[in-house]
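An overview of the molecular structure
Single-letter residue listing:
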Amino acid sequence: MSGAWEAPRRNRGPMAVSLFWARVQRAVRRQASVAAIVFVLTAGVGLLYGYVGGVPAQQSAPMALAIGLAVALVISIASELGRNTVTSVAGLRKHLGCVVLGAAPELTAQALRELPPEHRSPLGCLTFQPGSPFATAFRNLQGTIANGKVVAVIGSLPNEGASTIALGAAISATQQGRRVLLVDCDMRRRSLTHALVGDVQAGTLEAADRPQNFRTLIHREAETGLHFLPAAKLKSVWTTLIGMTGLPILIDAMRNAYDLVVLDCPPTLGSADGAMLARLADGCIIVAAWDDTPIGALRASIRALRRGPQAVTGIYLNRVPSGYRFGRLRPE
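Residues numbered from 1 in each chain as written. Predicted model: local features only at pLDDT ≥ 70, side-chain atom pairs only at ≥ 80, totals over all residues. Heavy atoms only, no water.

This part covers the overall build of the protein chain. The secondary structure content of the protein chain amounts to 12 helices and 12 strands. Counting every position in the protein chain, which comprises 332 residues, the buried fraction comes to 48%. At a minimum sequence separation of 6, the contacts of the protein chain that also span at least 24 residues come to 81%. (Helix = DSSP H or I, 4+ residues; strand = E, 2+ residues; numbered from the N terminus. Buried < 20%, exposed > 50% of the residue type's maximum accessible area, 1.4 Å probe, protein only. Contact = heavy atoms within 4.5 Å.)

Given below as C-alpha cells:
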C-alpha cells in the first residue's frame, strides 16, 4: 500500500488571486467572532476610561473606537497566523515525513445544486456524478489501497471529513467491481449510520460480540450495492468497541469475506479507541482538512498510530479548494 502523489499546483494569474482571496474570506469568517468580542471590550474600556476622567463621550468615542478596531485586527491576524494548518503538500512531506496519497476537492454548494434535491450529498455526488472531480479523486485513491484487505480511515479531530473519505473510498471500490464492506466504528458520532440507514437496533458492537453472525447485521446501500455495517446507539456511555474480545475475530472474518474492508474510525485525539482500532487494519489513511487541520494535531496522530505494528499508509487531504489542479498518483 504505497504510492506518492504529485502536489497540487496553483494556477497562475487570475485563478491564483481568486484562491488567495478565498483563503482571506475563510480567515475573516473564522476570526469574525474573536474580532467582534475584542473590539467591543477594548472600545468599552476606552469609553469607560474617558467617562471616569471626565472626557465627554463625543470626544472619547472616536479614539476608543479606533483603538478597539486596531487591537481587534492585530489579535485576529495573530490568531490566524498562529493556526499553522495544512495549506501545503510540500510542507506535509517535509515536516511529517508521510506520503500524501491524494486529495478530495471541496464539495461546493454550486456542485451540489447540479444534483436532484434528494441527492444533494457526498453519496449523491459519488453515485450520480461519476465523472466529477470529487468522484474521480476517490478512483485515484484506489491505487494506494489495492493491496490492503482492511483499511482504517481516521482523522485527528472531529469534523475533518474522515467519514466522507471512508464512504468515497468504499463506493469507488464497489463501482470498480470489488466486494467491499464499509464499517462504522465511530460508536458515538455514528455519522455514516445516520447518513446511510438511520437508527438501527444492532450493528458493529453486536457483531464484535458475536462475530459468527456479523453477516446478518449488514445493510446494502440501494443505489451502489455497497455493503455497510452500521453502529447502533450505545446502551452505556462506558461501552467501547475496543473492549470487545471478539473484535479481532470479527476483523479476520470480514477480511476473509470481502476484497476490501473500510473502517471508519473515531478521531485519534478524541480518545484512544481510534488509534487502537486502526492498528487492527492492514493500512491506515489519516484524513486532514485543508486549511483547517493543525499540523500539530497531524503530528500527534502519526505518533499515536506508529506505536503499533501497523504502519501509517499516508495522508489524504479533504476539502481542497477547487481552483487547485491535482497531480496523478505515481509509484514511489
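From this point, things continue past the structure.
The next point concerns the pattern of salt bridges. Tallying each qualifying case throughout the model produces four salt bridges. A salt bridge links R190 to D199, with the shortest nitrogen-to-oxygen separation between them at 3.2 Å. The shortest N-O distance in the salt bridge between D252 and R255 comes to 2.6 Å. Remark: R255 and D252 occur in helix 10 (residues 247-257); sequence separation between them is three residues, near one turn of the helix. Exposure remark for D252: the relative accessible area of 40% places this residue in the partly exposed category. Three or more residues are tied together by salt bridges with common partners; here these are D252, R255 and D282. (Salt bridge = Lys/Arg side-chain N within 4 Å of Asp/Glu carboxyl O.)

The next subject is the side chain of D184. Here D184 lies in strand 5 (residues 180-184). Nearest to the buried, unbridged D184 among oppositely charged side chains is R190, at 6.6 Å. Of note is the side chain of D184, whose polar atom sits 3.1 Å from the backbone nitrogen of D186. (Lys, Arg positive; Asp, Glu negative; His and termini not counted. Polar contact = N/O pair within 3.5 Å; in protein donor to acceptor, adjacent residues only side chain to side chain.)

Here we come to the packing of aromatic side chains. Tallied over the entire structure, the rule returns two aromatic pairs. With a centroid separation of 5.2 Å and an interplanar angle of 75 degrees, the aromatic rings of F134 and F138 are classed as edge-to-face. In this pair, F134 and F138 are both assigned in helix 6 (residues 133-145), four residues apart and thus about one turn of the helix distant. Judged by relative accessible area, which is 4%, F134 ranks as buried. Of the aromatic side chains, those joined through ring pairs into one cluster are F134, F138 and Y316. (Phe/Tyr/Trp six-rings, centres within 6.5 Å; stacked < 30°, edge-to-face > 60°.)

Take the packing of helix 6 against helix 7 (residues 162-175) next. Interhelical geometry of helix 6 versus helix 7 gives an angle of 80 degrees and a closest axis separation of 9 Å. What the angle tells us is that helix 6 and helix 7 run roughly perpendicular. When helix 6 is examined against helix 7, the residues F134, F138, R139, L141, Q142 and I145 are found in contact with a partner set consisting of T164, I165, G168, A169, S172 and A173. Here the residues of the contact of helix 6 with helix 7 sort into seven nonpolar, four polar and one charged. (Axes fitted to C-alpha atoms, helices over the stretch in contact; angles between N-to-C directions. Parallel < 35°, antiparallel > 145°, perpendicular 65-115°, else oblique. Nonpolar A, V, L, I, M, F, W, Y, C, P; charged D, E, K, R; others polar.)

Turning to unusual backbone geometry, a few remarks are in order. The residue N159 is not glycine, and still its phi comes out positive at about 65 degrees. For N159, the position within the fold is in the loop between strand 4 (150-155) and helix 7. A positive phi angle, close to 60 degrees, is found at R319, a residue other than glycine. Looking at the element boundaries, R319 is found in strand 10 (residues 312-320). With relative accessibility at 34%, the residue R319 sits in the partly exposed group.

For the rest of this paragraph, the subject is helix 7. Think of an α-helix as 3.6 residues a turn; residues three or four steps apart then line up on the same face. Between its first and last C-alpha atoms helix 7 spans 20 Å; for 14 residues at 1.5 Å apiece the expected length is 20 Å, and the two agree. Counting buried residues in helix 7 gives 12 out of 14 residues, a clear majority hidden from the surface. Of all the residues in helix 7, the buried ones are A162, S163, I165, A166, L167, G168, A169, A170, I171, S172, A173 and T174. (Expected span 1.5 Å × (residues − 1).)

What follows concerns the state of the cysteines. The tally for this structure, following the rule as stated, stands at zero disulfides. The thiol sulfur of C185 is not disulfide-bonded, and the nearest other cysteine sulfur, from C265, lies at 5.2 Å. The exposure class of C185 is buried, given its relative accessible area of 4%. (Disulfide = S-S within 2.5 Å.)

The predicted model of the protein chain averages 83 in pLDDT, with 86% of residues at 70 or higher. Taken together, the stretch residues 326-332 has pLDDT below 50 and engages in 25 contacts with residues farther than four places along the chain or on a different chain. (pLDDT = per-residue confidence, 0-100.)

Per the counting criterion, the structure on display carries one cavity of 30 Å³ or more. In terms of lining, the largest cavity is formed by V183, C185, T204, L241, L247, L250, I251, M254, L263 and L277. Here the lining of the largest cavity takes four residues from helix 10, the largest share from any one element. (1 Å grid on protein atoms, 1.4 Å probe; cavity = no way out; pocket = protein on both sides within 12 Å on 5 of 7 lines; lining within 4 Å. Points joined across faces, edges and corners; volume = space filled by probe spheres on them.)

Time to look at the pairing of strand 4. Taking burial as the measure, the six residues of strand 4 include six buried ones, the bulk of the element. Of the two faces of strand 4, the one lined by V150, A152 and I154 and the one lined by V151, V153 and G155 are each fully buried. The pairing of strand 4 with strand 8 (residues 260-264) spans four bridges and is classified as parallel. Directly across from V150, in strand 8, lies its bridge partner V261. As paired strands, strand 4 and strand 9 (residues 283-289) are joined by five bridges and run parallel to one another. Counted as the bridge partner of V151 is G283 from strand 9. (Pairing = 2+ DSSP bridges.)

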